[in-house]
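Each chain is listed here by its residues.
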Number of protein chains: 2
Amino acid sequence: MPVRVLLVDDEPLVRAGLRAVLEAQPDIEVVGEAADGAAVIPLVRQVRPDVVAMDVRMPLLDGIEATRALLRTVADPPKILVVTTFENDEYVYEALRAGADGFLLKRARPAEIVHAVRLIAEGESLLFPASVRRLAAEYGDGGGNRAARAELERARLTEREGEVLRLMARGLSNAEIAARLVVGTETVKSHVSAVLAKLGARDRTQAVITAYESGFVAPG
Amino acid sequence: MPVRVLLVDDEPLVRAGLRAVLEAQPDIEVVGEAADGAAVIPLVRQVRPDVVAMDVRMPLLDGIEATRALLRTVADPPKILVVTTFENDEYVYEALRAGADGFLLKRARPAEIVHAVRLIAEGESLLFPASVRRLAAEYGDGGGNRAARAELERARLTEREGEVLRLMARGLSNAEIAARLVVGTETVKSHVSAVLAKLGARDRTQAVITAYESGFVAPG
DNA sequence: GATCGTCTCCCCCGTGCGGGGGAGGCCCGC
DNA sequence: GCGGGCCTCCCCCGCACGGGGGAGACGATC
């Protein structure tokens, strides 16, 4: 059963782009589009999406208000992924406070977008470490942005988990990782499980794919 | 047991580069260096490497002659990976005809170098599809280069295997791939096994890593 | 002092994976 | 016609993997 996504953005171009990116995936299906927040609620009732990709800045009803309305009025509401053009958009944090499950920059790479949708669909209210890290880096250290930082904290792999993922991405087995880190295989299995859970991956292969797609490890 | 590699190149810089790249891998060990072909044979007898990374153009004894001499005089000779700066180097094909097991451009990416060493060590006399393909593309279609083309043929995945690898690289399980391609899971297993063998991968994770590292699939 | 997160290790358990075989049908080229 | 490559499917088998629990030790934080 594919992930059913509803696109909400006032720009047709953005909707088309998201549709192209998402429909290229075997496990994701775009079930509808809306051009403003006011159209969202009836549409959600009609098509029952798993995830709503929601722009923040829209005419009539913006993403924040639409999110609030959605969570207030719809039974068993879909997950909400807030999409924005501006990284330092205060509205994004408003939306997260309103109950959105994650946020994403429009200029994120396709794989990041896809990944975010999958994670959100699985009930993970997290953003991928790399994108958040980059986001955090853009803000610098001085800024406020406690929301972004908190998100980072929630999403981030621990140091050990990061080490394990890096070794997984070099093709090592659990036993080899254990030997490398001088710990037991059971310990490695624990870390691997944690990595899989945090990344929303089903197995180590998917985790390694995510590592590559996110830039956590780079080819070459 | 790591792969034991002997580096043979007249330029210290190249040796240092190869050493850095190869020793960064957990399963590869550089056991010696030689600056010219004449020093290779005694050194091979002494350190018994699994793989010799051999430059073609060297003073005293070039890579071709050194390869011939090595295969003629040493019992149980190591695998020979010919390394060259120039893609259209006629000497390379000479070396392959002399018995070398594969060839590699010096400007190949680290991952490709590492991969080539691993493959060669495992007795695969093949080069990775992507690098050979790129090589072939550089030559254009008009040129001769039967050697490169033959290498390409030997290394290349079949159409079906390529499809399977692409789906593996999207995180699909054998059962999911089977459903996608409308064949039995046993068929998929056959293709997966073929892919693993041709890529010198131990499991699907390593195959996916190779797919990314080689550019067979691209992130984003 | 209590709590929390991290790292470490342990148990059981099912199963997907990969190796090792083989085999039939198809098309192409020699 | 006959071989060879490719695609398809089948068998058996061992094991690494991953899920589900739990638990002790340590440090930081409250």
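A quick note: this is a predicted structure, and the numbers were derived from the prediction, not measured. (Residues numbered from 1 in each chain as written. Chains lettered and ligands numbered in written order. Predicted model: local features only at pLDDT ≥ 70, side-chain atom pairs only at ≥ 80, totals over all residues. Heavy atoms only, no water.)

Looking now at the overall build of chain A. Secondary structure summary: chain A contains eleven helices and five strands in total. Scored against the burial criterion, the 220 residues of chain A give a buried share of 53%. (Helix = DSSP H or I, 4+ residues; strand = E, 2+ residues; numbered from the N terminus. Buried < 20%, exposed > 50% of the residue type's maximum accessible area, 1.4 Å probe, protein only.)

Moving on: the pattern of salt bridges. A full pass over the atoms with the stated rule returns ten salt bridges over all chains. Taking the shortest distance from any N to any O, the salt bridge between Glu176(A) and Arg202(B) comes out at 2.7 Å. One end of the pair, Glu176(A), is in helix H9 (residues 174-181); the other, Arg202(B), is in the loop between helix H10 (185-199) and helix H11 (204-214), on a second chain. Residue Arg202(B) is classed as partly exposed on the basis of its relative accessible area, which comes to 42%. (Salt bridge = Lys/Arg side-chain N within 4 Å of Asp/Glu carboxyl O.)

The next point concerns the packing of aromatic side chains. In total, this model carries one aromatic pair over all chains according to the counting rule given. On the numbers, 4.7 Å between centres and 10° between planes, the contact of Tyr212(A) with Tyr212(B) is stacked. Linking Tyr212(A) in helix H11 (residues 204-214) with Tyr212(B) in helix H11, this pair reaches from one chain into another. For the pair shown, Tyr212(A) and Tyr212(B) are each scored as buried. (Phe/Tyr/Trp six-rings, centres within 6.5 Å; stacked < 30°, edge-to-face > 60°.)

Next up on the list: the protein's contact with DNA strand D. Near DNA strand D lie 18 residues; those nearest to it are Lys189(A), Arg204(A), Thr158(B), Gly184(B) and Thr187(B). Counting only the atoms of DNA strand D within 4 Å of the protein, the fraction contributed by sugar and phosphate is 67%. In this structure, Gly184(B) approaches DNA strand D through a main-chain N or O atom, which is 2.5 Å from a phosphate oxygen. Ser190(B) is positioned with one of its side-chain polar atoms (N or O) 2.9 Å from a base nitrogen of DNA strand D. Of all the elements in the fold, those that place two or more residues in the surface near DNA strand D are helix H10 (185-199) of chain A together with helix H8 (159-168) and H10 of chain B. Its residues assigned to classes, the surface near DNA strand D shows three nonpolar, eight polar and seven charged. (Near = heavy atom within 4 Å. Polar contact = N/O pair within 3.5 Å; in protein donor to acceptor, adjacent residues only side chain to side chain. Nonpolar A, V, L, I, M, F, W, Y, C, P; charged D, E, K, R; others polar.)

This next bit is on the side chain of Gln206(A). Turning to its location among the elements, Gln206(A) is positioned in helix H11. Residue classification places Gln206(A) among the buried positions, given a relative accessible area of 19%.

Lining the immediate surroundings of DNA strand C are 18 residues, of which Thr158(A), Gly184(A), Thr187(A), Lys189(B) and Arg204(B) lie closest. Here DNA strand C approaches the protein such that, of its atoms within 4 Å, sugar and phosphate make up 68%. His191(A) has a polar side-chain atom sitting 2.8 Å from a phosphate oxygen of DNA strand C. For the surface near DNA strand C, the secondary-structure elements that each account for two or more residues are helix H8 (159-168) and H10 of chain A together with H10 of chain B. Here the residues of the surface near DNA strand C are counted per class, giving three nonpolar, eight polar and seven charged.

Two residues of an α-helix separated by three or four positions point the same way, owing to the 3.6 residues in each turn. Residue and element names in this part refer to chain A. Of all the residues in H9, the buried ones are Ile177, Ala178 and Leu181. Projection of H9 onto a plane perpendicular to its axis shows the buried side chains occupying an angular sector of 100°, all on one side. Directly beyond the C-terminal end of H9, a positive phi value near 55° is found at Val182. (Arc of directions from axis to C-beta.)

Before going further, it helps to examine the packing of helix H2 (residues 40-47) of chain A against helix H3 (residues 63-73) of chain A. All names here are of chain A. Packing of H2 against H3 brings their axes to within 10 Å, and their N-to-C directions diverge by 45°. By the angle between their axes, H2 is oblique relative to H3. The way H2 lies across H3 gives a crossing that is right-handed. Of the residues in H3, those touching H2 at Val40, Ile41, Val44 and Arg45 are Ala69, Leu70 and Thr73. (Axes fitted to C-alpha atoms, helices over the stretch in contact; angles between N-to-C directions. Parallel < 35°, antiparallel > 145°, perpendicular 65-115°, else oblique. Left-handed = near helix turned anticlockwise from the far one by under 90°. Contact = heavy atoms within 4.5 Å.)

On to H2(A). Residues and elements named next belong to chain A. Where H2 is concerned, the buried positions are Val40, Ile41, Leu43, Val44 and Val47. On an axial view of H2, the arc spanned by its buried residues comes to 165°, and they lie on one face. Considering only its buried residues, H2 is in contact with strand E1 (3-8), strand E2 (28-34), strand E3 (51-55) and H3.

Let's shift gears to the nonpolar core. Note that soluble globular proteins tend to have their nonpolar side chains buried in a common cluster. Formed by 46 residues in total, the largest nonpolar core has its most connected members in Leu165(A), Met168(A), Ile177(A), Ala207(A), Leu165(B), Met168(B) and Ile177(B). Of all elements in the fold, only H8, H9, H10 and H11 of chain A together with H8, helix H9 (174-181), H10 and H11 of chain B reach the threshold of two or more residues within this core. When near neighbours in sequence (up to four residues on either side) are disregarded, Ile177(B) contacts Val164(B), Leu167(B), Met168(B), Leu172(B), Val188(B) and Arg204(B). (Core = buried A, V, L, I, M, F, W, Y, C linked by side-chain atoms within 4.5 Å.)

Residues and elements named next belong to chain A. Relative to the helices and strands, Leu81 is located in strand E4 (residues 79-84). Leu81 gets classed as buried once you look at its relative accessible area, which sits at 1%. A sequence separation of 27 residues divides Leu81 from Met54, and the C-alpha atoms of the two residues are 5.9 Å apart. In this structure Leu81 touches Val51, Val52, Ala53, Met54, Gly102, Phe103, Leu104, Ala116, Val117 and Ile120, once residues within four positions along its chain are discounted.

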